[in-house]
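Here is how the chains run, residue by residue.
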Amino acid sequence: MNKKTKSFGILFLGISLFGFAQQQIDSTTVEQLNEVVVTDSRFTLKRENSGKMVIKISNQEIERNQGRTISELINTKSGIEINGSRSVEGQNLGNFIRGGNNRQVLVLIDGIQVNDPSTVANDFDLRLLDLNTVESIEIIKGAASTLYGNAAATAVINITTKKASKDHISGSFLTVVGTNQPQDDLNYDVSSFTNNVSVSGSIEKFNYLASFANRYVDGMSAAKTMDPEKDMFSRFNTRVKLGYESNKVFSVNAFVSYDKLKTDIDGYPAPLYAFADTNDSYISKQKRVGVSPKFSYNNGSFQFNAAYTELNRETISDFGSVHKAKSYIVDAYNKYVFDDMFYTIVGINYGDYKSQFSEERRFTNTDPFLNLVYISDFGLNLNAGGRLNNHSEYGSHFVYSLNPSYTVDLQQGYIKVFGSYATSFIAPNLSELFGYFGANPNLEPEENRTIESGLEFNSKSGVRLSGVYYNRKETNTIVYTTGYVNADEDARVHGVEVEGEFDLAQDLSVVTNYTFTEFKEGYRLRIPKHKVNVGLGYDCSKNTYASLQYQFVDSRMDIGNVKLDAFSTIDFYFSMKIIKNKIKLFTSVTNVLNEDYFEIYYYTTKGRNVNLGLHIML
């Protein structure tokens, strides 16, 4: 660790410790104490009654990170490393959560599973999303297959998109311009453009929202070479949401969306097949349509979510390929509450996934599930459930979870101890079974087991502290050698995640987290053993906000047994609202000290960059 990294670590540690002596009550801390979470149970429960460390990214936090991508924001949270988020804009993302990979992370958008059956990881590409269309994000870490099924092994990322305004009509326009430059080329040319416009409203029982967004970024090369060429990235998003609520008994929401990205990429051209600047490119298109009716009755409700997704991807290179995929998702469940103590949910999840290779390939899953949450009046809470995975290729597998917690009321807050034991099931995806490269139709499903225990303290005086230890075991891990095979040995990873929030003064706060990840058995690339995030936020006035974000990432190993050095970065953000809060001006400077490092060996990373933004709310 260099002197600069050490000095900033000591500085922010001192700020964190100082928070203990400067605890002041304000409306924000009371709101945090009464924060509700949904994803870990599908019920709206107070945080103190949840047996998990749920990460909640609020709309306020998203608005205070305008100009960032969704992967950059998520990458500041404990237990998470989004590899590629600091590199050239079109870089593939590695979602490394608790030592896992992309195929072990499930993404939900408005409660509906999203993935791409044609990809190797059967995952969802976060590059397709515009952060400015998102209302909030919840992340639960650990095995969650009981509630969410296949692939929910290390985390579930539940993304909620913006809702319609309660006014008859309202509008929003956002634009951000900025630089996009590496550490060794600080020319400060404007080469990044982001725009988002939306119109929404409510008329009697109907509500509507229509949005359009685009992003164009140029100025950097993916490959780090002596004479780099620029690799362009472009994306546009369109989305329409319609809703109808007849009364408190029945409501229905529907959506249609189209997302497209195109990015230049670098490859391995003949005859040397070494990584170099090339004129290769990648295109991804996604169409989605869905409907979600809901029936409510005394103490309960019945929810039905259905969605259809069509995806087309093309890689244009010496090793080019075309991929087409379709998926149908149906998730139906009934929720019922007994005596405000027993929260029950019973449902069934159906998925039909198709992908075109030399011929169309397909698998389905039909999973009934049951989950129970018990909240006592003396502090004991229990979240338990089971799911029967019925896979068309692999038969039936039972997964379950047991998650007790105990909360002690401290009058001015609470202290909570919790633990969990959960299993998950990950079926080989269509690309691994039948794809163009290294396919193996004899693969076995991967199984995961996660044990965790932790402690959380939350007070009305502006302090929240939490820590968790986890131990995760992978069996039949799918790896690539000369083709896809199941690993002969189990993989075991354990770690510690610590989070802290402190109000140093009425308008000054610190949010910090530390992650320790270690493989006891097995091996993974690009995952740091230690990672630290510290955010310092200050409300300079009622309409003015400023923040500093510090991140330290420990050394990692990359392909070819290459050791990547540790690095640290600092980001700055400032915003001001004017004209009755209808106009917001903001600016950000990322990698303020222009730290030079490799995120991925021989790939370019971003140096110091500046963004200027305008947000008009009508």
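Residues numbered from 1 in each chain as written. Predicted model: local features only at pLDDT ≥ 70, side-chain atom pairs only at ≥ 80, totals over all residues. Heavy atoms only, no water.

Draft legend 1. Seen up close, the overall build of the protein chain. Each helix and strand in the protein chain was counted, giving six helices and 35 strands. Rg of the C-alpha trace for the protein chain: 24 Å, near the compact-globule value of 25 Å for 618 residues, within the 12% margin. Judged by the C-alpha coordinates and their principal axes, the protein chain covers about 70 × 60 × 55 Å. Within the protein chain, the proportion of its 618 residues that are buried is 56%. Looking at the protein chain alone, contacts between residues at least 24 apart form 60% of all its contacts between residues at least 6 apart. Carbon and sulfur atoms make up 58% of the accessible area of the protein chain, which totals about 26400 Å². Across the protein chain, the mean location of the 62 positive side-chain charges is 4 Å away from that of the 70 negative side-chain charges. (Helix = DSSP H or I, 4+ residues; strand = E, 2+ residues; numbered from the N terminus. Rg over C-alpha atoms; globule rule 2.2 N^0.38 Å. Buried < 20%, exposed > 50% of the residue type's maximum accessible area, 1.4 Å probe, protein only. Contact = heavy atoms within 4.5 Å. Areas by Shrake-Rupley, 256 points an atom, 1.4 Å probe, with all protein chains shown as cover. Lys, Arg positive; Asp, Glu negative; His and termini not counted. Charge placed at Lys NZ, Arg CZ, Asp CG, Glu CD.)

Draft legend 2. Highlighting the sheet that holds strand S6 (residues 105-109). As summarised here, the arrangement of the five strands in space is S3-S8-S9-S6-S7, forming an open sheet in which the pairing is mixed. Two strands bound the open sheet, and with one partner strand each, they are strand S3 (55-57) and strand S7 (112-114). Going across the sheet, the axis of each strand differs from the next one's by a mean of 25°, ignoring polarity. The sheet contact formed by S3 and strand S8 (residues 134-141) spans three bridges and is antiparallel. In the strand pairing of S8, Ile-55 is matched with Ile-139. (Pairing = 2+ DSSP bridges. Axes fitted to C-alpha atoms, helices over the stretch in contact; angles between N-to-C directions.)

Draft legend 3. Representation of the packing of aromatic side chains. In total, this model carries 22 aromatic pairs according to the counting rule given. Residues Phe-236 and Tyr-258 carry aromatic rings whose centres are separated by 5.8 Å and whose planes lie at 55° to one another, so their mutual orientation is tilted. Of this pair, Phe-236 sits in strand S13 (residues 233-245) while Tyr-258 is found in strand S14 (residues 250-267), placing the two residues 22 residues apart along the sequence. Exposure remark for Tyr-258: the relative accessible area of 24% places this residue in the partly exposed category. Within the aromatic cluster, the residues linked to one another by ring pairs are Phe-212, Phe-236 and Tyr-258. One residue, Arg-361, lies across the ring of Phe-434, its end atom 4.3 Å from the ring centre. (Phe/Tyr/Trp six-rings, centres within 6.5 Å; stacked < 30°, edge-to-face > 60°. Lys NZ or Arg CZ within 6 Å of the ring centre and 35° of its normal.)

Draft legend 4. Local environment of unusual backbone geometry. Residues Ala-270 and Pro-271 are joined by a peptide bond in cis, for which omega reads 5°. With respect to the secondary-structure elements, Pro-271 resides in the loop between S14 and strand S15 (276-297). Its identity is not glycine, yet Arg-98 carries a phi of approximately 50°, on the positive side. We classify Arg-98 as buried; its relative accessible area is 3%.

Draft legend 5. Quick look at a nonpolar patch on the surface. Taken together, the side chains of Phe-378, Leu-380, Tyr-406, Val-408, Leu-410, Val-417 and Leu-455 define a hydrophobic patch exposed on the protein surface, amounting to about 580 Å² of accessible area. For Leu-380, the location among the structural elements is in strand S20 (residues 380-391). (Patch = residues over 30% accessible without salt bridge, like charges linked within 9 Å, V, L, I, M, F, W, Y side chains within 5 Å. Salt bridge = Lys/Arg side-chain N within 4 Å of Asp/Glu carboxyl O.)

Draft legend 6. Spotlight on the nonpolar core. Core analysis: the biggest nonpolar cluster contains 29 residues, and Ile-70, Ile-74, Phe-124, Ile-137, Ile-157 and Ile-159 have the highest contact counts within it. Here Ile-70 is in contact with Leu-126, Leu-129, Leu-131, Val-134, Ile-137 and Ile-159, once residues within four sequence places are set aside. Judged by nonpolar contacts, the second largest core, of 19 residues, contains Leu-45, Leu-108, Ala-152 and Val-373. (Core = buried A, V, L, I, M, F, W, Y, C linked by side-chain atoms within 4.5 Å.)

Draft legend 7. Up close: the side chain of Ser-401. Relative to the elements of secondary structure, Ser-401 occurs in strand S21 (residues 395-409). What makes Ser-401 buried here is its relative accessible area of 17%. Not counting residues up to four positions away in its chain, the partners in contact with Ser-401 are Thr-146, Asn-371, Asn-383, Ala-384, Gly-385, Tyr-421 and Ala-422.

Draft legend 8. Here's a closer look at the pairing of strand S23 (residues 446-459). Looking at chain direction, strand S22 (residues 413-426) and S23 are connected through 14 bridges and run antiparallel. Bridged to Ala-422 within S23 is Thr-450. Of the pairings in the sheet, the one linking S23 to strand S24 (residues 463-475) comprises 12 bridges and is antiparallel in character. Bridge assignment links Glu-456 to a residue of S24, and that residue is Ser-466. Between the antiparallel neighbours S23 and S24 lie three residues, among them Gly-462 with a positive phi of about 90°.

Draft legend 9. Highlighting the pattern of salt bridges. If you walk through the whole model with that rule in mind, you get 36 salt bridges. Ionic pairing is found between Arg-86 and Glu-81, a salt bridge with its closest N-O pair at 2.9 Å. For the pair Arg-86 and Glu-81, a shared accessibility class is recorded, and that class is buried. The salt bridge partner of Lys-241 is Asp-110, with a shortest N-O separation of 3.9 Å. Of this pair, Lys-241 sits in strand S13 while Asp-110 is found in the loop between S6 and S7, placing the two residues 131 residues apart along the sequence. Overall, the relative accessible area of 27% leaves Asp-110 in the partly exposed class.

Draft legend 10. A look at the side chain of Gln-183. Turning to its location among the elements, Gln-183 is positioned in the loop between strand S10 (170-179) and strand S11 (190-203). Separated by 2.9 Å, the side chain of Gln-183 and the backbone oxygen of Glu-595 make a polar contact. There is a polar contact of 2.9 Å between the side chain of Gln-183 and the side chain of Thr-605. In this view, Gln-183 contacts Asn-591, Asn-594, Glu-595, Asp-596, Tyr-597, Thr-605, Lys-606 and Gly-607; residues no more than four positions away in its chain are not counted. (Polar contact = N/O pair within 3.5 Å; in protein donor to acceptor, adjacent residues only side chain to side chain.)

Draft legend 11. Just the environment of Glu-314, in detail. By secondary structure assignment, the location of Glu-314 is in strand S16 (residues 300-316). What makes Glu-314 partly exposed here is its relative accessible area of 34%. Residues Glu-314 and Ser-284, 30 residues apart in the sequence, show an inter-C-alpha distance of 6.6 Å. Leaving out residues up to four positions away in the same chain, Glu-314 has contacts with Ser-281, Tyr-282, Ile-283, Ser-321 and Val-322.

Draft legend 12. Focus on a negative patch on the surface. A contiguous patch of negative charge, built from Asp-184, Asp-185, Asp-189 and Asp-596, is present on the exposed surface. Tracing the sequence through the fold places Asp-184 in the loop between S10 and S11. Among the residues examined, Asp-184 registers a relative accessible area of 61% and is labelled exposed.

Draft legend 13. Representation of the environment of Gly-201 in the model. Among the structural elements, Gly-201 can be located in strand S11. Sequence separation between Gly-201 and His-168 is 33 residues; the distance between their C-alpha atoms is 4.7 Å.

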